[in-house]
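Below, each chain spelled out in residue letters.
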Amino acid sequence: MKYAYTHANLWDGRQDAALCEDVTVLTDGETITAVLERGARTPLGYRKVDLKGKYLMPGLVNLHAHLFGTGKPSKVLGGGGAQKAIIAFAGSKAGRPVIDSMVRSHVTASLHAGVTTIRSSGDFFYSDVRIRDRINAGKLTGPRLIV
């Protein structure tokens, strides 16, 4: 489906670029195909979405993520008996769906925060690989995962 995002304020991420106000951004469903200046007519065949002055910007990239974590410091994974128990559980038949659910939740939260690419720095028992494969197969919505 082709979309025309009208009345958008666009910041394209270039260091010297000013904000482009009240533009129309055309997409083919995945890729931006054109940016039309204020007042330009939208070509036929596009579904219009009026952004009413909201902002568009490039997707963010997280280059170092452990997707099973919350992003907050944790003493539990710093060693000791609690760490051993968590790793044992994560590797069990019952634990893998729990770990996958955590990774899926954190990936979804990242996407909703504007992160469109994540480079995973390693997760328990290839949970990041399983979630990446489900996203790539269209079974989950999520950012591009480099694992």
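None of these values were measured; they are calculated from a predicted model.

(A) Highlighting the packing of aromatic side chains. Taken as a whole, this structure holds 3 aromatic pairs when the rule is applied. An angle of 25° between the planes, with centres 5.9 Å apart, marks the rings of Y3 and Y5 as stacked. Look at Y3 and you get partly exposed, because its relative accessible area is 22%. Y5 sits in the partly exposed class, given a relative accessible area of 24%. Measuring from centroid to centroid gives 4.6 Å for F68 and F124, while their planes differ by 35°, and the two rings are tilted.

(B) Main features of the pairing of strand β3 (residues 32-36). Where strand β2 (residues 20-27) and β3 come together, 4 bridges link them in antiparallel fashion. Each residue of the ladder has a partner; that of T24, found in β3, is L36. Counted along the chain from β2 to the antiparallel partner β3, the turn is 4 residues long, and its residue G29 has a positive phi close to 110°.

(C) Spotlight on the pairing of β2. Here 5 bridges tie strand β1 (residues 3-10) to β2, and the two strands are oriented antiparallel to one another. Within the sheet, the bridge partner assigned to A4 lies in β2 and is L26.

(D) Spotlight on the environment of H106. As for its position among the elements, H106 is in helix α2 (residues 95-112). It is 15 Å that separates the C-alpha atoms of H106 and L63, two residues lying 43 residues apart in sequence. Those residues in contact with H106 that lie beyond four places of it in its chain are L67, F68, G69 and T70. A distance of 2.8 Å separates a polar atom in the side chain of H106 from the backbone oxygen of L67.

(E) Quick peek at the sheet that holds strand β7 (residues 115-120). Taken in spatial order, the 3 strands of this open sheet run β6-β7-β8, and their pairing is parallel. Looking at which strands have only one partner, the edges of the open sheet turn out to be β6 (60-65) and β8 (144-146). Direction aside, the axes of adjacent strands within the sheet are offset by 15° on average. Here β6 pairs with β7 via 4 bridges, running parallel. Paired with N62 across the strands is I118, a residue of β7.

Criteria and thresholds
- Residues numbered from 1 in each chain as written.
- Predicted model: local features only at pLDDT ≥ 70, side-chain atom pairs only at ≥ 80, totals over all residues.
- Heavy atoms only, no water.
- Phe/Tyr/Trp six-rings, centres within 6.5 Å; stacked < 30°, edge-to-face > 60°.
- Buried < 20%, exposed > 50% of the residue type's maximum accessible area, 1.4 Å probe, protein only.
- Pairing = 2+ DSSP bridges.
- Helix = DSSP H or I, 4+ residues; strand = E, 2+ residues; numbered from the N terminus.
- Contact = heavy atoms within 4.5 Å.
- Polar contact = N/O pair within 3.5 Å; in protein donor to acceptor, adjacent residues only side chain to side chain.
- Axes fitted to C-alpha atoms, helices over the stretch in contact; angles between N-to-C directions.

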